[in-house]
Amino acid sequence: MEKSHLGFDVIIVGGGIVGVTLAACLKQTDLRIAIVEAQPLDVVTQRQRAYAMSLLSQRLFQELGVWEAIASRSGKYRNIQLSDENFSGVVKFSRQDLKTDFLGFSGQHQVVLESLQASLRGYDNIRWFCPAQVTAIHYQSDQAIVELSSETQGNLNIQGALVVGADGPRSLVRQGAGIKTRGWKYWQSCVTCVVEHEAPRNDVAFERFWGTGPMGVLPLTENRCQIVWTNPHAEAQRLKELPPDVFLEHLEQHTGPQLGRLKLLGDRQVFPVQLMQGDRYVDQRLALVGDAAHCCHPVGGQGLNLGIRDAAALAQTLIEAQQRGQDLGSLAVLKRYERWRKRENLVILGFTDFLNRLFSNRIWPVVWVRRMGLVIMAKFSPLRLFALKLMTGQKGRQPRILA
Ligand SMILES: Cc1cc2nc3c(=O)[nH]c(=O)nc-3n(C[C@H](O)[C@H](O)[C@H](O)COP(=O)(O)OP(=O)(O)OC[C@H]3O[C@@H](n4cnc5c(N)ncnc54)[C@H](O)[C@@H]3O)c2cc1C
């Protein structure tokens, strides 16, 4: 059967939060954008996860006009606390440190993705192919051709100046282009769940380090919080399978008195964690963003924030190139994006790996050194402020939303 050919400037493979953020950053340009998503839209939005989202992500969402829709359904935290098991030296950060209204917010996957999707409605330059499978990509000197197979739209070829891989950690776009990665799988998995807590106070996000791995507690709306609890694989699996009351008892011992009694809402899930960095983020007519390019340990809640920053940086690079009349898929243009983001992401990948290794450890000299580190950090404001700015996305080159 003859295949139809459709022309675009940018073809984004992957309609998760990072891919859709990129489309939203480009929506007001005259670029023609295709978004190819393998799963039906209602399935993509259903992921049960809330993310710690940085002030930078908040500012970008504001510039994209989606912040109000997200803010009305998200918890905002005004304080962050870091602590080591039951050691008294707690490092506290507050919104006064940065003179902001809050230090971050907990964005639920569904809320963030639906708000971004809604912001694309009415833009004729954006077209969805969903659900659609990419069956092949051919990179040519002047264009890339993406072969799609879709139950609803049939088999078709679309072509564009640039293909963007926003298709997550197992990215077929990255693998198909032969881009190798470096990194490792951790010996740990994360158990995630949402709990309702007895204590009414709900504006503190805390990261509590245990010898088995860090535990992140992220305040949601209505006295609920998201738990991301790192443990060795077998222990994480065991925690998932414990009867709910036994699990909660165990959890309460680890969250401490701060939250009071807990009630489990919904299922527990287990995710193995990895560190990964693509050897390249770009090739001729190809760019990678988000988890397709890099993954990090969830400690400190950085992964998605890095991906959103990639999307905004790539959009800024493309818009500036278009204004100069340059080919959007040329290596010269795309290298600007890679130089901007690859090194900055590596800093955060290294920081999260360092935190996890330093704290997931029961060797006494290491415990002593890290506890001294917490005491010094708690008392030495410049160090505390540096760490806070790094975690909230205030360090490095700041992307802007251009139209
Ligand atoms: C337990 C845990 C907790 C975390 N907590 C945080 C946190 O608090 N803060 C934070 O910033 N980050 C956090 N992260 C990291 C965060 O989840 C990821 O960085 C983020 O989801 C990556 O988004 P993405 O859009 O790049 O990829 P994904 O969310 O994986 O989206 C990829 C999309 O591409 C689609 N797709 C895949 N293959 C194809 C294909 N061949 N064709 C078309 N479409 C395709 C998929 O269906 C999907 O919709 C956490 C991670 C874990 C595991």
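Every value quoted in this text rests on a predicted model; they were computed, and no experiment measured them.

A few words now on the side chain of S119. As for its placement among the helices and strands, S119 is situated in helix α6 (residues 109-120). The residues contacting S119, other than those within four sequence positions of it, are A24, K27 and V66.

Before going further, it helps to examine unusual backbone geometry. Each neighbour pair has its own omega, and for C130 with P131 the value is -5°, a cis peptide bond. Its place among the elements puts P131 in the loop between β8 (126-129) and β9 (133-139). The backbone of E222 shows a phi angle near 55°, a positive value even though the residue is not glycine. Tracing the chain through its elements places E222 in the loop between β14 (213-219) and β15 (224-232). At R285, a residue that is not glycine, the phi angle is positive and equals roughly 70°. Looking at the secondary structure, you find R285 in the loop between β17 (282-283) and β18 (286-288). Taking relative accessible area as the criterion, R285 reaches 2% and is therefore assigned buried.

All right, on to the packing of aromatic side chains then. Scanning the entire structure with this criterion turns up seven aromatic pairs. When the ring of W67 is compared with that of F105, the centres are 4.7 Å apart and the planes differ by 70°; the resulting orientation is edge-to-face. Linking W67 in helix α4 (residues 67-71) with F105 in strand β7 (residues 104-108), this pair joins segments that are 38 residues apart in sequence. According to the relative accessible area criterion, W67 is buried, its value standing at 9%. Through a chain of ring-to-ring contacts, the aromatic side chains of W67, F102 and F105 assemble into a single cluster. For R268, the ring lying beneath its charged end belongs to F247, and the centroid distance is 4.7 Å.

Attention shifts here to the sheet that holds strand β3 (residues 50-53). Hydrogen bonding along the main chain pairs the strands of a sheet, whether they run parallel or antiparallel. Here three strands make up an open sheet; going across it, the order is β3-β7-β4 and the pairing antiparallel. Strand pairing shows two members of the sheet lacking a second neighbour, β3 and β4 (75-77), which therefore form its edges. Sheet twist, expressed as the mean angle between neighbouring strand axes with direction ignored, is 25°. Pairing geometry for β3 and β7, over four bridges, is antiparallel. Note that in β7 the partner of A52 across the bridge is S106. α6 contacts β3 and β7 of the sheet and is inclined by roughly 85° relative to β7.

Interface size is commonly expressed as the accessible area that is lost once the parts come together. One can read the domain layout of the chain as domain 1 (4-74 + 105-182 + 275-391) and domain 2 (185-273). At the interface, 22 residues of domain 1 touch 22 residues of domain 2. With both chains or domains summed, domain 1 and domain 2 bury close to 1800 Å², and 59% of this area falls on carbon and sulfur atoms. Its largest share of buried area at the contact with domain 2, domain 1 owes to H297, F359 and S360, together 24% of the area lost on that side.

As a further point, take the site of the ligand. In the vicinity of the ligand there are 30 residues, among which E37, R49, A52, D291 and L304 approach most closely. At 3.0 Å from an oxygen atom of the ligand is found a side-chain nitrogen or oxygen belonging to Q39. Note that a nitrogen atom of the ligand is positioned 3.4 Å from one of the backbone N or O atoms of G303. Contributions of two or more residues to the shell around the ligand are made by α1 (17-26), β3, β12 (181-197) and α10 (303-323).

Quick look at α10 now. Here α10 contains 21 residues, and its C-alpha end-to-end distance of 31 Å stays within 8% of the 30 Å for a straight helix at 1.5 Å per residue. Taken across its 21 residues, α10 has 17 buried, putting it largely inside the fold. Among the residues trailing α10, G325 stands out with phi positive, at a value near 75°.

It is worth spelling out the sheet that holds strand β5 (residues 79-84) at this point. The eight strands lie next to each other as β6-β5-β13-β14-β15-β12-β16-β19, forming an open sheet whose pairing is mixed. Each of the sheet's edge strands pairs with one partner strand only, and the pair in question is β6 (91-94) and β19 (294-295). Where β14 and β15 come together, five bridges link them in antiparallel fashion. Paired with M215 across the bridge in β15 is W229. Here helix α8 (residues 233-241) sits on the sheet in contact with β12, β15 and β16 (262-278), set at roughly 140° to β15. Seen against the sheet, helix α9 (residues 244-255) touches β12, β13 (204-210), β14, β15 and β16 and runs at an angle of roughly 65° to β16.

Cut-offs applied
- Residues numbered from 1 in each chain as written.
- Predicted model: local features only at pLDDT ≥ 70, side-chain atom pairs only at ≥ 80, totals over all residues.
- Heavy atoms only, no water.
- Helix = DSSP H or I, 4+ residues; strand = E, 2+ residues; numbered from the N terminus.
- Contact = heavy atoms within 4.5 Å.
- Buried < 20%, exposed > 50% of the residue type's maximum accessible area, 1.4 Å probe, protein only.
- Phe/Tyr/Trp six-rings, centres within 6.5 Å; stacked < 30°, edge-to-face > 60°.
- Lys NZ or Arg CZ within 6 Å of the ring centre and 35° of its normal.
- Pairing = 2+ DSSP bridges.
- Axes fitted to C-alpha atoms, helices over the stretch in contact; angles between N-to-C directions.
- Domains from an automatic or database assignment.
- Buried area = accessible area lost by both parts, 1.4 Å probe.
- Near = heavy atom within 4 Å.
- Polar contact = N/O pair within 3.5 Å; in protein donor to acceptor, adjacent residues only side chain to side chain.
- Expected span 1.5 Å × (residues − 1).

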